[in-house]
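# Chains, contacts and geometry: an overview
Here is what each chain is made of, one letter per residue.
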Number of protein chains: 2
Amino acid sequence: MKLNTKTRYGIRAMIELAMDWGGKGMFQKEISERQEISYKYLDHIISALKTKGLISNVDGKKSGYRLAKKPEEISVYDIYKAFEPALQIVDCIGEHGECVRAKNCAASDLWCGLNNKIIEHLDSINLSELAKKQQALNQRDEKADMYYI
Amino acid sequence: MKLNTKTRYGIRAMIELAMDWGGKGMFQKEISERQEISYKYLDHIISALKTKGLISNVDGKKSGYRLAKKPEEISVYDIYKAFEPALQIVDCIGEHGECVRAKNCAASDLWCGLNNKIIEHLDSINLSELAKKQQALNQRDEKADMYYI
DNA sequence: TTTTACCCTATAAAACAAATAGGAAAGGTG
DNA sequence: CACCTTTCCTATTTGTTTTATAGGGTAAAA
Ligand code: FES
Ligand code: FES
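These figures come from a predicted structure and were not determined experimentally.

What counts, and at which threshold
- Residues numbered from 1 in each chain as written.
- Chains lettered and ligands numbered in written order.
- Predicted model: local features only at pLDDT ≥ 70, side-chain atom pairs only at ≥ 80, totals over all residues.
- Heavy atoms only, no water.
- Near = heavy atom within 4 Å.
- Polar contact = N/O pair within 3.5 Å; in protein donor to acceptor, adjacent residues only side chain to side chain.
- Helix = DSSP H or I, 4+ residues; strand = E, 2+ residues; numbered from the N terminus.
- Buried < 20%, exposed > 50% of the residue type's maximum accessible area, 1.4 Å probe, protein only.
- Arc of directions from axis to C-beta.
- Least-squares fit on C-alpha atoms with pLDDT ≥ 70 in both.
- Contact = heavy atoms within 4.5 Å.
- Buried area = accessible area lost by both parts, 1.4 Å probe.
- Salt bridge = Lys/Arg side-chain N within 4 Å of Asp/Glu carboxyl O.
- Core = buried A, V, L, I, M, F, W, Y, C linked by side-chain atoms within 4.5 Å.

This brings us to the protein's contact with DNA strand D. Around DNA strand D sit 20 residues, and of these A:Asp43, A:Lys50, A:Lys62, B:Lys40 and B:His44 come closest. Sugar and phosphate atoms constitute 54% of the interface atoms of DNA strand D, taking the interface as everything within 4 Å of the protein. Note that a phosphate oxygen of DNA strand D is positioned 3.2 Å from one of the side-chain N or O atoms of B:Tyr9. Separating a phosphate oxygen of DNA strand D from a side-chain N or O atom of B:Ser38 is a distance of 2.8 Å.

And the structure:
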């Protein structure tokens, strides 16, 4: 069980935008540089986030990207879903009851339980928290730099 | 994020063996038939479970497989680890501190939290529970069959 | 000695992940 | 307007992983 890099990068990009909330807007290039994500790869990531309505460049194409909602209204699971369909740890528990065994399989409850737990956790964390945490880390870093002068 | 089929099949095979706990032992063929898992594929699954010491055929090769421990002493996470290394949802949080950004990255806490939650959940469920649940399901099924006569 | 069940290695096909590449379109600036 | 920048879109490449299947060897029970 691994999280793919698009989702990971996507979350990092969104943290960057959350830190800029209420600010000037950010260009793809800026995000790419600050988060050290390949500029071209970021193309796809931004595209997915935009399609899902999580970000927008509402003040014209050259205004930079902004979050489309308040950071506290965007959960990590929202971002996750921009890159993958709704979390489904195994196919057995699909909405369409994909697995013929599911009705008589003790494991299917297990999958449901785990699946819900993960979604719950991802949904309980929003970008506001993450941005604050990141800001604190960045500041600590700047201070640390000062002491080294 | 998906669970691979080996782990899934592995858990189903283990439930079958847990239901046989204290019983006659089960041949690969029996497990394969009861759980509808390809006989040859099951080769690899059984091999992994054996290597990890979760099952054994202690009374000689032709005695069938048995759980090597009591069902209540085998957690789902134990089985998981027979097929994958310790759960690590992203490489960032490896023991060797794989990601150079981790120290100053707000997301790394997120990964740790999620990772622990999943492990905790998988570790909280043991084969005894699952076997009981499966037995109940099987019985319910037999009864249902009777009513149709 | 024949059958049965296990053990082991190799291989194949398909799917997926991760990234790169190339260029069209559109918007702002001098 | 001509030019540069930024976004947008599609295709391609490369490598890895997943999901099996195949083939044969070994050991022991019958
Ligand atoms: S095998 Fe699909 S639900 Fe158990
Ligand atoms: S990118 Fe690796 S810890 Fe954040």
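Near DNA strand C, the surroundings consist of 19 residues, among which A:Lys40, A:His44, A:Lys62, B:Lys50 and B:Lys62 are the closest. Counting only the atoms of DNA strand C within 4 Å of the protein, the fraction contributed by sugar and phosphate is 50%. Interatomic distance of 2.2 Å between a side-chain N/O atom of A:Lys40 and a base oxygen of DNA strand C. Counting residues per element, the surface near DNA strand C draws most heavily on helix H3 (residues 39-51) of chain B, which supplies five residues.

Since one α-helical turn is 3.6 residues long, residues separated by three or four positions face the same way. All names here are of chain A. Within helix H2 (residues 28-35), burial applies to Gln28, Ile31, Ser32 and Gln35. Down the axis, H2 shows its buried residues gathered within 100° of arc, on one side only. In H2, the exposed residues that point more than 90 degrees away from the buried face are Lys29 and Glu33. In the stretch just after H2, glutamate 36 is the one whose phi turns positive, near 50°.

Right, let's get into the relation of the copies chain A and chain B. Of the transformation placing chain A onto chain B, the axial shift is 0.0 Å and the rotation is 180°, giving an RMSD of 0.1 Å. With respect to symmetry, the two chain copies, as superposed, fit the operation of a two-fold axis. Residue A:Met1 of chain A places its C-alpha closer to the rotation axis than any other residue of that unit, at 2.8 Å. Comparing interface residues between copies, 100% of those in chain A also lie at the interface in chain B; the contact surface is shared.

On the side of chain B, 41 residues touch chain A, which itself brings 41 residues to the contact. With both chains or domains summed, chain A and chain B bury close to 3,800 Å², and 62% of this area falls on carbon and sulfur atoms. The three residues of chain A that bury the most area against chain B are A:Met1, A:Arg101 and A:Leu110, which together make up 20% of that side's buried surface. Counting the contacts that link chain A with chain B gives six salt bridges.

By size, the foremost hydrophobic cluster in this structure holds 96 residues, and its most contacted members are A:Met14, A:Trp111, B:Met14 and B:Trp111. Setting aside its immediate chain neighbours within four residues, B:Trp111 contacts A:Leu3, A:Arg8, A:Ile11, B:Ile89, B:Val90, B:Cys92 and B:Ile93.

Nothing here speaks to function; it is geometry throughout.
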